[in-house]
Amino acid sequence: MRSPLRPTRLAALLLALGFAAGVQAEALPAVVDKVLLQQPSVRSAQALLRAADAQITQARSDFLPSVGLSYRNADSRDETQGRPIDRNIRRSDASLRWNLFNGGADTARVQAGGLYRDAAEADLDNVLEQVSYEITEAYSDIVRLRQTVDSLGATLARQERVEAGVARRVDAGRIAPAELDLMRVRLIQNRALLGQLRAQLGTAEYRYRLLTGQAPEQLETPAIRPADGDGDIDALVERIHERNPRLRAALQRAAARKAEIGVARGSFFPAVDLSYSKRLDNTTIPVPVSDTDRSGQMQVSLDIPLGGKNLGRHTEAVERHQAAQADADDLMMKVSKDITDLQRQYNEARQIAPQLEQRVIAAQRVSATYELHFEAGRRSLNDLSITQDDLFNAQRALIENRAQQTTLQAQLLGLAGELRSALRTRYRPAPIAPELLGTAYVPAPLVAAPVPTVEAAPAPQVEVLTPANPGSPAAAEAAEPTLRARLDAWQAAWVARDYDAYRAFYVADFKPGKGRSTAEWEAERRQRLAGAVAPAVRIEALRLKARGGERFSTVFVQHYRAGNYRDTVRKQLDWVKADGQWKIAAETVLAPPKPAPAADTPPSPQGE
């Protein structure tokens, strides 16, 4: 008896309905820009930066003189020779005091304040980069876990289909009941793993809500385009040493500690102060016999420090500077080690990525083939179960590799203080094709067949004829040299594995068909071009057909070879004018591939 609708199928159904509703995925840069300045750690760093600015203002005020004003209004009752006298005194005085010399302590104090302010600004940059990385990590973690859950759900769906078939065979007495028990054991194991993954996903989504203050509705697979020079470890280390916010803050604090030595050194010198006081008004009723109505006084004072207090202060400043410099040197060593480790891990993850995709495709074919063999009685149920688990493990490794590339690259960019700018200028989504994740069901016979993926939706099977328009032959003849040159350049970009040049030959909104978006097609073509081993493309039997207006089609036979894989197809490219250039609006394979007899390995996704 068939089991009721399980949560895995219900989740897949709800997910499909969500995508069908056309919910727009929220890109990672938009999330970072929206919530970055709301983080408590960022607000704290901003407050400390404002406090450092206030300290500079305080230090600069020591250069200015101090002004004093005093006013006295006193009533008193005196007795003179036994007679009481009521006396009233109103007196106004002004004073000015200015420090003329203190050994340069004020100048050193302002310099130290400026360096501490620079350190606070670097701390703010460091916090912004760290929070940006935390959001990136949380975002990628949710995408990774959701993709893994979806892939495992598809694996469970395949195993449930096999379980139903095995149950029918057991009921018919064709196989032993132990085979059904084996299938159920596999299902229970994977359902337990699905529960663990869902728990991890719930934790990741809660952490994301804490960081961003919003629920992770629709997220896309994030990726950051590598920049030129990122592969040079020496140049990367040098760049990070110059730009790392945390290291810059440590160096600025060490410099500020050095300036504080100047403050302590100034205490060894005498302090010279100039003061001037003046009586502005004096009214006393009754008038005394003698009093000062108006006066002015200037005074220069010299204070010479004695004792060991200043010597101890200077020693303390020197030792604190040495400690701050040692901390900065230690941090530089740690940053250098972190850079080297992260760069090696990132390079390894990038290099293995094409092979992981090939592993998934190969595992899909093996699993589909074993499913057909099991139906035909040529493979055991245990063999089929192992291949299904191997397929999920391959899909999981591919998913984790994508997430690892993003987080490692984000860490490196954060160390260089460039993560926020990279998210704004070099971010692009890189979704994994549903066929690779197993979430798009393909019948086993089609998966097992060694047919490469077609890069465009098949065009209607109609005969291609030149329109009976007197201007068409002339237009085709005039456009032929330009289109031949564009076709040669397209072929050269493909062979050179230059994705940017290759992508430029297609219209901006190129529709690859098969339900895929332009972004998915771009990500897939980027990976296949990068993973192709010594590709070679040869075109022959080229024909040019006018379609009317500014539309032409080139039909040709394409011979493709990469590594041990090769095929031959008949292809049609439809060209239109866009931005003053002939660009490809549609790409159609008119005939199935014909594998060459010399190929000694199954087709790989490196080709078309």
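Predicted model, so just to flag it, every value in this text is computed and none were measured.

### Side note on the overall build of the protein
Step number 1: The secondary structure content of the protein amounts to 15 helices and eight strands.
Step number 2: Across the 608 residues that make up the protein, the buried fraction comes to 42%.
Step number 3: Relative to all contacts within the protein whose residues are 6 or more apart in sequence, the contacts with residues 24 or more apart total 76%.

### Some words on the environment of leucine 398
Step number 1: Among the structural elements, leucine 398 can be located in helix H9 (residues 381-415).
Step number 2: C-alpha of leucine 398 to C-alpha of arginine 359: the two residues are 39 residues apart in sequence and 8.7 Å apart in space.
Step number 3: Once you skip the residues sitting within four places of it in the chain, leucine 398 turns out to touch Ala353, Leu356, Glu357, Val360, Ile432 and Leu436.

### Focus on the nonpolar core
Step number 1: Counting residues in each nonpolar core, the largest one holds 40 residues, and the members touching the most others are Leu28, Ile135, Tyr139, Tyr208, Leu419 and Leu423.
Step number 2: If you list the elements that add at least two residues to this core, you get helix H2 (28-35), helix H3 (40-61), helix H4 (105-171), helix H5 (177-212), H9 and helix H10 (419-425).
Step number 3: Residue contributions to this core peak at 15 residues, all from H4.
Step number 4: Excluding residues within four positions of it along the chain, leucine 28 makes contact with Ile135, Thr136, Tyr139, Glu220, Pro222, Leu423 and Tyr427.
Step number 5: Core analysis: the second largest hydrophobic core is formed by 28 residues, Leu487, Tyr499, Ala546 and Trp582 among them.

### Some points on the confidence of the model for the protein
Step number 1: Averaged over every residue, the pLDDT of the protein is 82; the share at 70 or more is 85%.
Step number 2: Low pLDDT, under 50, characterises residues 1-22; the stretch is placed with 16 contacts to residues that sit more than four places away or in other chains.
Step number 3: This model gives residues 445-471 a pLDDT under 50, and the stretch forms 54 contacts once residues within four places in sequence are excluded.

### Considering the pattern of salt bridges
Step number 1: Applying the stated rule across the entire model yields 28 salt bridges.
Step number 2: Notably, a salt bridge pairs arginine 186 with aspartate 389, separated by 3.2 Å at the nearest N-O pair. Of the two residues, arginine 186 sits in helix H5 while aspartate 389 sits in helix H9, which places them 203 residues apart along the sequence. Comparing arginine 186 with aspartate 389, the two get one shared label, buried.
Step number 3: Beyond isolated ion pairs, a larger network of salt bridges with shared partners links Asp125, Glu129, Arg248 and Arg420.

### Examining the packing of helix H8 (residues 309-375) against H9
Step number 1: Put simply, H8 and H9 touch, their axes get as near as 7 Å, and they point 160° apart. Judged on the interaxial angle alone, H9 and H8 are roughly antiparallel. Crossing hand, H8 versus H9: left-handed.
Step number 2: A class-by-class count of the residues in the contact of H8 with H9 yields 21 nonpolar, 13 polar and seven charged.

### Some details on a nonpolar patch on the surface
Step number 1: Together, Val67, Leu69, Leu96, Tyr276, Leu280 and Met298 make up a nonpolar patch on the protein surface, roughly 630 Å² of accessible area in all.
Step number 2: Those elements giving two or more residues to the nonpolar patch turn out to be strand E1 (66-80) and strand E3 (271-285).
Step number 3: Mapping leucine 280 onto the fold places it in strand E3.

### Re the sheet that holds E1
Paired through backbone hydrogen bonds, the strands of a sheet run either parallel or antiparallel to each other.
Step number 1: Pairing is antiparallel across the open sheet formed by four strands, whose spatial order is E1-E2-E3-E4. Whereas interior strands pair on both sides, the edge strands pair on one side only; in this sheet they are E1 and strand E4 (295-303). For this sheet, the mean angle separating the axes of adjacent strands, direction not counted, is 20°.
Step number 2: Pairing of E3 with E4, which is carried by nine bridges, proceeds in the antiparallel orientation. Directly across from lysine 278, in E4, lies its bridge partner glycine 296.

Analysis parameters
Starting from 1, residues in each chain are numbered consecutively following that chain's sequence as written. Under the rules for a predicted model, residues below a pLDDT of 70 receive no local features and side-chain atom pairs below 80 are neither given nor counted, while totals for whole chains, interfaces and linings still include all residues. Based on all heavy atoms of the structure, the side-chain values leave hydrogens and waters out of the count. Helix and strand definitions follow DSSP, with helices as H or I runs of at least four residues and strands as E runs of at least two, each counted in order from the N terminus. Relative accessibility under 20% of the residue-type maximum defines a buried residue, over 50% an exposed one, and the middle range a partly exposed one, all with a 1.4 Å probe and only protein chains included. The contact definition used throughout considers only heavy atoms, calling two residues in contact when any of these lie within 4.5 Å. Buried Ala, Val, Leu, Ile, Met, Phe, Trp, Tyr and Cys residues form a nonpolar core when they are joined through side-chain atoms within 4.5 Å. On a scale of 0 to 100, pLDDT captures the predictor's confidence in every residue. The rule for a salt bridge is simple: a side-chain nitrogen of Lys or Arg has to be within 4 Å of a carboxyl oxygen of Asp or Glu. Orientation is described by lines fitted to C-alpha atoms, with helices fitted over the stretch in contact, and by angles between N-to-C directions that extend from 0 to 180 degrees. Under this scheme an angle from 65 to 115 degrees is roughly perpendicular, one under 35 degrees roughly parallel, and one over 145 degrees roughly antiparallel; angles in between are oblique. Note on convention: the crossing is left-handed when the near helix lies turned anticlockwise from the far helix by less than a right angle, right-handed when the turn is clockwise. Each residue gets one label: Ala, Val, Leu, Ile, Met, Phe, Trp, Tyr, Cys and Pro are nonpolar, Asp, Glu, Lys and Arg are charged, and the others, such as Gly, are polar. What makes a patch is a set of residues exposed beyond 30% relative accessible area and free of salt bridges, joined within 9 Å when like-charged and within 5 Å when nonpolar (Val, Leu, Ile, Met, Phe, Trp, Tyr). All accessible areas in this document rest on Shrake-Rupley with a 1.4 Å probe, and a residue is counted as covered only by the protein chains that are shown. By definition, two strands form a pair when at least two bridges between them are found by DSSP.

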